[in-house]
Amino acid sequence: MIPRPVPTIEAEGLLLTPLSDSDAAAVVALSDDPETRAWSSLKTVRSPADAEAWIRERLARSDGMTWAVRDTDTGQLVARVGLVRIDEADRAAEVGYSVRADHRRNGIATRAVRGAASYGFAELGLARIILQHATGNRASCAVARTTGFAYEGTARALFDNGKGVRHDYHIHARLADDPAGRVPAPRAIEPVEIGAGRLQLVPWRPADAPDVDRAFVEPHIARWDGGPPWAGIADADRWLAARTTGWESGAMVSWSVRDSTTGRLLGSVAIKDLDRRPGTGVASYWVRAAERGHGVAGQALGAAARFSYAVLGLHRIEAYHAVANTASCRVAVRSGFPLEGLLRGSLRLADGVTDEHLHAQLATDAP
Amino acid sequence: MTAIAHEDVPAGRWLLRPPRPAEAAEALAMLTDRDVVQWNPAPAVVDEASARAWLERGRDWSSGGHATFSVVDPVSSRMLGNVSVHRIDREQAFAALGYRVAPWARRQGVATAALAAVSGWSFDRLGLARLEICHAVDNPGSCRVAERAGFRLEGTLRQSFVYGDGHRHDEHLHGRLRTDPVPLL
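Criteria and cut-off values
Residues numbered from 1 in each chain as written. Chains lettered and ligands numbered in written order. Predicted model: local features only at pLDDT ≥ 70, side-chain atom pairs only at ≥ 80, totals over all residues. Heavy atoms only, no water. Helix = DSSP H or I, 4+ residues; strand = E, 2+ residues; numbered from the N terminus. Buried < 20%, exposed > 50% of the residue type's maximum accessible area, 1.4 Å probe, protein only. Contact = heavy atoms within 4.5 Å. Areas by Shrake-Rupley, 256 points an atom, 1.4 Å probe, with all protein chains shown as cover. Pairing = 2+ DSSP bridges. Axes fitted to C-alpha atoms, helices over the stretch in contact; angles between N-to-C directions. Buried area = accessible area lost by both parts, 1.4 Å probe. Salt bridge = Lys/Arg side-chain N within 4 Å of Asp/Glu carboxyl O. Polar contact = N/O pair within 3.5 Å; in protein donor to acceptor, adjacent residues only side chain to side chain. Nonpolar A, V, L, I, M, F, W, Y, C, P; charged D, E, K, R; others polar. Phe/Tyr/Trp six-rings, centres within 6.5 Å; stacked < 30°, edge-to-face > 60°. Lys NZ or Arg CZ within 6 Å of the ring centre and 35° of its normal. Parallel < 35°, antiparallel > 145°, perpendicular 65-115°, else oblique. Disulfide = S-S within 2.5 Å. Left-handed = near helix turned anticlockwise from the far one by under 90°.

The subject of this paragraph is the overall build of chain A. A count of helices and strands for chain A gives 10 helices and 16 strands. If one aligns the C-alpha atoms of chain A with their principal axes, the spans along those axes are about 70 × 40 × 40 Å. Within the span of chain A, comprising 367 residues, buried residues form 53% of the whole. Within chain A, contacts between residues separated by at least 24 positions form 61% of all contacts whose residues are at least 6 apart in sequence. On chain A, roughly 16,600 Å² of surface is accessible, and the fraction owed to carbon and sulfur atoms is 53%.

Residue and element names in this part refer to chain A. Here we have 8 strands laid out as an open sheet, ordered β9-β10-β11-β12-β13-β14-β16-β15, and mixed in their pairing. Each edge of the sheet is formed by a strand with only one pairing partner; in this case those strands are β9 (194–196) and β15 (339–349). Ignoring which end each strand starts from, the neighbouring axes of this sheet average 25° apart. Looking at chain direction, strand β10 (residues 199–202) and strand β11 (residues 253–259) are connected through 4 bridges and run antiparallel. By the bridge assignment for β11, V202 is matched with S256. Packed onto the sheet, helix α8 (residues 233–249) meets β11, β12 (265–275) and β13 (280–287) and runs at close to 120° relative to β11. Where helix α10 (residues 326–334) meets the sheet, it contacts β13, β14 (316–322) and β16 (352–362), and its direction lies at approximately 10° from that of β16.

The next subject is the interface of chain A and chain B. The figure often quoted for interface size is the accessible area lost as the parts come together. Taken together, the contact between chain A and chain B spans 24 residues of the former and 26 residues of the latter. For the chain A and chain B pair, buried surface summed over both sides reaches about 1,900 Å², with 47% attributable to carbon and sulfur atoms. Linking chain A with chain B are 4 salt bridges, by the criterion used here. For the salt bridge of R158 of chain B with E152 of chain A, the shortest nitrogen-to-oxygen distance reads 2.9 Å. Put simply, chain A and chain B have 13 residue pairs in polar contact (both at pLDDT 80 or more) between them. Taken together, the elements giving at least two residues each to the side of chain A that touches chain B come down to β7 (150–160), β8 (166–175) and β15 of chain A. When its residues are assigned to classes, the side of chain A that touches chain B shows 11 nonpolar, 3 polar and 10 charged.

For any pair of aromatic rings, the description consists of the separation of the ring centres together with the inter-plane angle of the planes. Residues and elements named next belong to chain A. As enumerated under the stated definition, the model contains 15 aromatic pairs over all chains in all. Counting every residue linked through ring pairs, the aromatic cluster contains W204, F216, W230, W239 and W286. Here R243 stacks its cationic end above the ring of W239, 3.9 Å away from the centre of that ring.

Counting across every chain of the model gives 28 salt bridges over all chains. Between R114 of chain A and E12 of chain A there is a salt bridge whose closest N-O contact spans 3.1 Å. Here the residue R114 of chain A occupies a position in helix α4 (residues 108–122), and E12 of chain A occupies one in the loop between β1 (9–11) and β2 (14–18), the gap between them amounting to 102 residues. With relative accessibility at 44%, the residue E12 of chain A sits in the partly exposed group. One network of salt bridges, in which partners are shared, links R156 of chain A together with R130, E132, R152, E154 and D180 of chain B.

All names here are of chain A. Interhelical geometry of helix α1 (residues 24–31) versus helix α3 (residues 48–60) gives an angle of 100° and a closest axis separation of 8 Å. When the axes of α1 and α3 are compared, the pair comes out roughly perpendicular. Note on element contacts: α3 touches α1 through P48, A51, E52, W54 and I55, opposite A24, V27 and V28.

This paragraph deals with the state of the cysteines. Residues and elements named next belong to chain B. For the structure shown, the criterion picks out 0 disulfides over all chains. Free cysteine C143: the closest other cysteine sulfur is in C134, separated by 11 Å. Residue classification places C143 among the buried residues on the basis of a relative accessible area of 16%.

On to the side chain of H103 of chain A. All names here are of chain A. With respect to the helices, strands and loops of the structure, H103 is situated in the loop between β5 (92–99) and α4. Within polar-contact distance, the side chain of H103 engages the side chain of D102 at 3.1 Å. The contacts of H103, once residues within four sequence positions are left out, are Q76, V78 and I108.

Residues and elements named next belong to chain B. Along the polypeptide, A44 turns up in the loop between α2 (34–39) and α3 (48–59). Note: C-alpha distance between A44 and W54 (10 residues apart in sequence) is 8.0 Å. If near-sequence neighbours (up to four positions away) are discounted, A44 is found in contact with S50 and R57.

This part covers the packing of helix α6 (residues 209–216) of chain A against α8 of chain A. Residues and elements named next belong to chain A. Running from amino to carboxyl end, α6 crosses α8 at an angle of 110°, the nearest separation of the two axes being 8 Å. Relative to α8, the element α6 lies roughly perpendicular. The way α6 lies across α8 gives a crossing that is right-handed. Side by side, α6 and α8 meet where A209, P210, V212, D213 and F216 of the first sit next to I233, A236, D237, W239 and L240 of the second. For the contact of α6 with α8, the class distribution of residues is 8 nonpolar, no polar and 2 charged.

Laid out in structure tokens, this is it:
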């Protein structure tokens, strides 16, 4: 049984207490932040009346527990934390939280999540608690890892944030017998810059979204991208979040390819689908229209491949391209990725299904 | 939630239709199969009467929370399996899928065809944007079916569900978006 009202818990200098109607003004302050509005159930709260409705809704939920998180010394409400979607039969729940914008970077989320999770395991007998966050929300990812919630995967387009945009979410989970401390990201790869003559390979940053958006509307890049039609800057954010996730999960290493003197964006190179046991990966690259014809793709591919052999221990890198994409074919062959085969009807593009060339390079081939 | 109207959905050589009480004997045989008991248990079903009640529950789409189909051979009318769209959330345009194949209908592509058909129906008729399938990692057959039906592997959930043996098993999470390419079957 879920106790009502929720019990008061001490959590490393914080007090987790029941919410009450007198917290309405503090809940308005909690919701008064674009991040909180974008990602949490507090998005509807603008006025004290909204806050009272939100508090009543929380208190009435039969499958959830919400705590006001207070500073032990001042008693001030600085955050909220909750166990929601508690499934007593399945012994599972989800933890969620929001921290007041002016109280962030004090470890409040970490302590509150740890307190709520410990309560869930010890008092409710839960076997598994999940923590989900939009992939762009790096702060929540850090909270999850610090509080013992291991990364398990990325659910694509899981939730609509209310503005008609669906966001990818990381799924983290902690099991009853997992340690409460920091979870190492066992397969994570540290993002590194690589200098390659006049080129500089720089791990993508969120601020690159406008550049990515401009590149993906260039016809030769859009045409060979097997994904859905490019829908603008939100797709750029999502594309970049996937690059970040790639380093974190160890599934992909990716770089923007820049002029080493001016920093101008020339193109993109990645080794994706990394599988460290057999030691394989798949190369992917594009070059902006104005920068083509100068060997940029080949040099970037060579540098990314050398990194993958030397640092990641790969022994084989494949490259696939639509047969009609002859520029990509030339890049692969000139970079030491000989043609190995023709894959019939293996790629669906906007204008239909097409055959692909398979090229590959072995570590022992590389110059 | 709004009720969902009954509908038949073609699935390649087979047909998806709302379950019928007359399928009780076949449903009982399917639900007491060893593999189904382990990986997709319906523990309430122990005889034809409880099988009939299970079919009635599957046939009742009035809550709007699920749409459950029997997979049948349209010629013989024999039941070959079932497929369910459940946890339907119209606001978040989300649902989960589950399926079973009767032991007499395995290795013919029934599950893949049923999943692909019910996915298209869910995107088109329910307006959903994301569909999920979870299956035990120890049940690799389900993984191949999900991949073939266009559901990409998105993660491995640790000890996330109690299966028929009473143990918590790791599960694969697969997702398919409305915007994902339609699988070539």
